[in-house]
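Structural characterization, general
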Amino acid sequence: MNDARPPRPYVDPTQADHDKPRPAPAPAAAPAAWAQASHQPRRAARPRPRVAPTEKRRGYFASHWHGEQSLVRSYWVNNMLLATPLALALTGLMSWISAQGESLQISAIVLLLGLPLLAALDVWCIVGAWRAAAHYLREGGSRLWGWLARLTLGLGALQLAVSILFGFLPGLGEYWQMARGIDPIGQATLSLSADGHSLRLDGTIGMGDGERLSALLKTEAARELRRVELTSPGGRLHEAEKMATALKQHGYASRAVGTCASACTLVFLAGSPRQLTPGAQLGFHRASTGTYNPVFEELANQQLAATYRDLGLPQSMIDRTLRTPSHGIWFAPREDLLAHSLITPLPQTLAIALPPAGHASLADFDDALRIHPVWDALEKRNGGTIAAVAKHMLDAQAGGAADEAVQAAAWSPLARQMPGLIADGDGPTRRHYVQLVTDQLKALRTPPGPGQRPACRDLLDGRLGSRQLLPLPLQIRESQWLQEAAGAAPPRWLPKPASAIEIEVLDRTVGSAAMGMLSRLWADAPDAAPGPGAGCDAVIATLDRLPSLPPARRELVERLLFQPR
């Protein structure tokens, strides 16, 4: 290691004189020029004018977004008084479109355009109030109020998310279709009958159907309209209310010819009179707004209840309707509808409501027969029955026959089907008819007037006019049996003629006169001479013996009673 300074002499510390004074230090050398300059005093810096820092102030919306406003203003003013009503308005608009909607197309357009703005504003309100609550807590504010504010803000955000995810997004495609003027649930089909007396409504009641029906009822083609026939699963409540108003204004009748459910029942109840054809049914359930907001669901159902009440539905049925979920259905029993006079009772006998003479057409008789449960069942079993009966009745009325004779004209086409109905029936069905015939003969077993035939003998000989003398309860029982027999399943085996052994068993059991004893009941022979069979008393006595026979023999005898030898 190199050192430029000279080495210091070594001094032995043991030999040194420590009391000897030290020599004065040599004067220091003058510093260099550059070092002298560093020791010169500096001039003081000129003071600069102090500029106050400018504070950048945010606007109202930005200050709320960053949580710079007070919690009171952010929460109560911006959120509770602005965001919450807007969220409720959004949900209400969706409910209105789903359930009512004066103009579904305009409402859908408003919803599609306004939803992004409403959602953005709601997010602005919630985020800003949340940040204001955080600042409030950092500044030492009450933890209770701070966290309560956050809790309610979280619930508000959850409500917004649920409304969008479960209320709006699933129906986005439907709203888009409605905005374009297309109802996603479809529209009903309206068709007038050939004679202009009936208007058929089929399918779902959709957007614009109320206006379509009102316009159709004002046309010349509907001048002779009498009734509206309904087959619909329901649809838009507001459109159904428009249809109901139009029906009540014109005073048309309503007829359910199939399943009429949900909104369709409003149209049905608006008619007068109201008819429920055989097999038709009315279905009721709660209204659905398509949202998960119980408040709007309840409001929609309160309005539905008020509409039903105005249309005459009893409160007990309204309560049952409101208890039925919107995804279910309650089909009102026919007995309840009759008990509250909501439908016209169906005919109990074979008689129908005759069209007015002089203005009746074949279609009028055809329509009156189709709503009759017995003739409807016979038509389903043997197609063409109603057409044949309608022609006979129209011809009788056109020929000037009285109403009783017009009603009796229906028996001739029926008589051609009766042997098959009796032969094709099973044992219990045939037994019921034998008991019915026994009661009919007893009811007509009265002494005839001078020069007259016994009415019970006319019945046995197939004179159909004698059936007009039967008491009303027996006519009702015969109609019920006809409906039961016509609706029964076809036989597994075709009926076969009686064998010699069966005839011998019959002869030994009830006598040879029983074979074919009732075979001429429906012979339709108004001018026939009395048959060679036994008299009324003998026939009644034979029929009264049947309940005492063993089951197998009784069934054999009841079958052979209608087979001639």
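Reference entry: report on the structure contained in this document. Residue numbering note: each chain is counted from 1, following its sequence as written. Per-residue local features of the predicted model are confined to residues with pLDDT of at least 70, and side-chain atom pairs are confined, for both listing and counting, to 80 or more; whole-chain, interface and lining totals are unaffected and use all residues. Just so you know, side-chain values use all the structure's heavy atoms and leave hydrogens and water out.

Secondary structure follows DSSP: runs of H or I at least 4 residues long count as helices, runs of E at least 2 residues long count as strands, and numbering of each begins at the N terminus. Within the chain, the regular secondary structure consists of 24 helices and seven strands. Burial analysis of the chain (565 residues in total) assigns 42% to the buried set. When contacts within the chain are restricted to residue pairs at least 6 apart in sequence, those whose partners lie at least 24 apart make up 70%. Split by element, the accessible area of the chain, about 31,900 Å² in all, is 58% carbon and sulfur. Burial status follows relative accessibility: with a 1.4 Å probe on protein chains alone, a residue under 20% of its type maximum counts as buried, one over 50% as exposed, and anything between as partly exposed. Contacts were defined at the residue level, with two residues in contact if any of their heavy atoms lie within 4.5 Å. All accessibility values rest on the Shrake-Rupley procedure with a 1.4 Å probe; residue burial counts only the protein chains present in the view.

Let us look at the pairing of strand β1 (residues 189-192). Looking along a regular strand, one sees side chains alternate from face to face of the sheet. The criterion for strand pairing is that DSSP finds at least two bridges linking the strands in question. Two elements, β1 and strand β2 (residues 198-202), share four bridges in a ladder whose sense is antiparallel. Across the sheet, L192 pairs through a bridge with L199, a residue of β2. Where β1 folds back on β2, the antiparallel hairpin that results is connected by five residues, among which G196 adopts a positive phi of roughly 75°.

With that settled, the discussion passes to the side chain of S412. With respect to the helices, strands and loops of the structure, S412 is situated in helix α17 (residues 411-415). Here D524 takes part through its side chain, which lies 2.8 Å from a polar atom of the side chain of S412. Residues contacting S412, with those up to four places away along its chain left out, are H392, L464 and D524. Here a polar contact is recorded for every N or O atom pair within 3.5 Å, except that within protein the pair must consist of a potential hydrogen donor and a potential acceptor, and residues adjacent in sequence are included only if both atoms are side-chain atoms.

Attention now moves to helix α24 (residues 551-560). Residues of α24 that are buried include every one of R554, L556, V557, E558 and L560, and no others. Where α24 is buried, its residues meet α19 (427-443) and α22 (500-510).

Interaxial angles span 0 to 180 degrees and are taken between N-to-C directions of axes, which are lines fitted to C-alpha atoms, for helices over the stretch in contact. Interhelical geometry of α19 versus helix α21 (residues 472-486) gives an angle of 160° and a closest axis separation of 11 Å. On the basis of the axis angle, α19 is roughly antiparallel to α21. α19 and α21 meet at a crossing whose hand is left-handed. From α19, T429, H432, Y433, Q435, L436, D439, Q440 and A443 reach across to α21, where they touch L474, R477, E478, W481, E484 and A485. Grouping the constituent residues of the contact of α19 with α21 by class yields six nonpolar, four polar and four charged. Angles are sorted into four bins: roughly parallel if under 35 degrees, roughly antiparallel if over 145, roughly perpendicular if 65 to 115, and oblique for all others. Definitions for this section: a left-handed crossing has its near helix turned counterclockwise from the far helix by less than a right angle. A right-handed crossing has that turn clockwise. Residue polarity is assigned by list, with Asp, Glu, Lys and Arg as charged and Ala, Val, Leu, Ile, Met, Phe, Trp, Tyr, Cys and Pro as nonpolar; anything else, Gly included, falls into the polar class.

Two aromatic rings from Phe, Tyr or Trp, using only the six-membered ring of Trp, form a pair when their centres are within 6.5 Å; if the ring planes differ by under 30 degrees the pair is stacked, by over 60 it is edge-to-face, and anything between is tilted. Taken as a whole and judged by the stated rule, the model has five aromatic pairs. For the pair Y75 and W76, a centre-to-centre distance of 5.0 Å together with 90° between the ring planes defines the contact as edge-to-face. A connected cluster of aromatic rings, assembled from ring pairs, spans F284, Y308 and W330. When the NZ atom of lysine or the CZ atom of arginine is within 6 Å of a ring's centre and also within 35 degrees of its normal, the charge is said to sit over that ring. Over the aromatic face of W65 sits the side chain of R131, whose NZ or CZ is 4.9 Å from the ring centroid.

What follows concerns unusual backbone geometry. Omega for the peptide link from S272 to P273 comes to -5°, which places this bond in the cis form. Residue placement: P273 occurs in the loop between α9 (264-269) and β5 (274-276). Despite not being glycine, S262 shows a phi value in the positive range, around 55°. Its place among the elements puts S262 in the loop between β4 (253-261) and α9. Residues other than glycine seldom take positive phi values, yet S341 does so here, at roughly 55°. With respect to the element layout, S341 can be found in the loop between α12 (334-339) and α13 (362-370). The exposure class assigned to S341 is exposed, which follows from its relative accessible area of 57%.

With respect to the helices and strands, the residue Q69 is situated in the loop between α2 (60-65) and α3 (71-99). Within the structure, Q69 has its side chain in polar contact with the backbone oxygen of Y60 (distance 3.0 Å). Among the polar contacts made by the side chain of Q69, one reaches the side chain of S63 at a distance of 3.0 Å. Setting aside residues no more than four positions away along its own chain, Q69 makes contact with Y60, S63, H64, S74, N78 and A132.

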